[in-house]
Structures are given as structure tokens and as C-alpha cells.
Amino acid sequence: MKWEDLSAQPCSISRALAVIGDRWTLMILRDCFLGVRRFELFQKRLGVSRTIVTDRLRTLVEAGVLRRVPYQDHPVRHEYRLTEKGLDLHPVVMAIAHFGDIHYAGAEGPPVLRRHKGCGCDFHPVQVCSECGEPVSARQVEARAGAGFPAP
């Protein structure tokens, strides 16, 4: 399957990956959640070409994950802000960070701690059932065809 064919698949994962499945895109999203908004800072933090940053930001804007907002008039300059759709990616980014913290952080521990502003405690993301509130692990999930799945 070709990369550009992902968005046409009857699978929510492949459709999402068509937008966010690139490593530089995920790094841009990480930076967005850390408060980065300006092109120059994305490029500096990532250490990649302007072309790569431009392409990934354009894709995220076209997909409605980010929006371009002018912050200067002369010359016109824009910054990139997460939309509601972009904010919905927070659990995805947190899950990737948690995986990295567990499996790749090293003996010193995680490089970034996350504090819940509500209670003031550092936390680890936990996936819970939207209906009963119980924690959910991979072995407790069963997938089945939904209304959007094409008939055989």
C-alpha cells in the first residue's frame, strides 16, 4: 500500500496516520503541546530543513489540526496553534511519551514530568473505559466491525 492510499482505507487508524503518521509531524505536535508556535522555533528544535517543517505544518493546517494565526503585520508572520481537533491528539502524544518514559528513559528517569494543574501532582496517563471508568489494557479490548466498515 502506498502512503497516499492510507486516507482511503476503511480504517480510522490508517486515515489518522495519513495526517499524523510521519515522525517529524509527531515531533511538531509534541512541540505544539509544549507551547511552541513559531516556524523558526520548530525548525531550530527539530534541526531539519525548512522544507520538511513547511510541508508538515501545511499538512497539519490543511487537515484542521493546526491553524495559522498572524502575530506580526510588517512583514506578515504567522504562528501555528492547535485547533480543537489538534487538542484531541493530546492523549495520543501522551501515550507515546508514556511509552518512551517506560521503555527508553534510561536510569535517570523520564526527561519530562507532567503535572496535573488541578491537583498539583505529577501523573502518568491511564486509559479508561468511557462508560464505566475502569482502567483498560490491550488484553481487555475486543474489536468488532462498526457502521463505517464496508460490507464484505
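The structure this text deals with has already been given above.
This one's a predicted model, so the numbers in the text were calculated from it and none came from an experiment.

> What am I meant to see in the packing of helix α2 (residues 23–33) against helix α4 (residues 50–62) here?
Axis angle and axis distance: for two packed helices, these are the angle between their axes and the distance between the axes, and together they describe the pair. Following both chains from N to C, one finds α2 and α4 inclined at 75 degrees, their axes separated by 10 Å at the closest point. Relative to α4, the element α2 lies roughly perpendicular. Of the residues in α4, those touching α2 at Trp 24, Thr 25, Ile 28 and Leu 29 are Ile 52, Val 53, Arg 56, Leu 57 and Leu 60. Per-class residue counts for the contact of α2 with α4 are seven nonpolar, one polar and one charged.

> Would you mind going over the pattern of salt bridges with me for this structure?
Pairing of side chains with opposite charge becomes possible as their charged atoms draw close. Under the definition given, this model contains 11 salt bridges. Across the pair Asp 31 and Arg 30 runs a salt bridge, and its minimum N-O distance is 2.8 Å. A residue is classified by how much of its surface remains accessible, and Arg 30, at 29% relative accessible area, is partly exposed. Among the ionic pairs, Arg 114 bridges to Asp 101, the shortest N-O distance being 3.6 Å. Taken as a pair, Arg 114 in the segment after α6 (90–104) and Asp 101 in helix α6 lie far apart in primary sequence, 13 residues in all. You can call Arg 114 partly exposed: its relative accessible area is 24%. Here the salt bridges do not stand alone but share partners, grouping Asp 22, Asp 55, Arg 56 and Arg 58 into one network.

> Whenever I open this one, the packing of α2 against α6 confuses me. Can you help?
Where α2 meets α6, the axes come as close as 10 Å, and the angle between the chain directions of the two elements is 105 degrees. Relative to α6, the element α2 is oriented roughly perpendicular. For the pair α2 and α6, the contacting residues are Leu 26, Leu 29, Arg 30 and Phe 33 in the first and His 90, Val 93 and Ile 96 in the second. Looking at the contact of α2 with α6 residue by residue, the classes come out as five nonpolar, one polar and one charged.

So, how was this worked out
Residues numbered from 1 in each chain as written. Predicted model: local features only at pLDDT ≥ 70, side-chain atom pairs only at ≥ 80, totals over all residues. Heavy atoms only, no water. Axes fitted to C-alpha atoms, helices over the stretch in contact; angles between N-to-C directions. Helix = DSSP H or I, 4+ residues; strand = E, 2+ residues; numbered from the N terminus. Parallel < 35°, antiparallel > 145°, perpendicular 65-115°, else oblique. Contact = heavy atoms within 4.5 Å. Nonpolar A, V, L, I, M, F, W, Y, C, P; charged D, E, K, R; others polar. Salt bridge = Lys/Arg side-chain N within 4 Å of Asp/Glu carboxyl O. Buried < 20%, exposed > 50% of the residue type's maximum accessible area, 1.4 Å probe, protein only.

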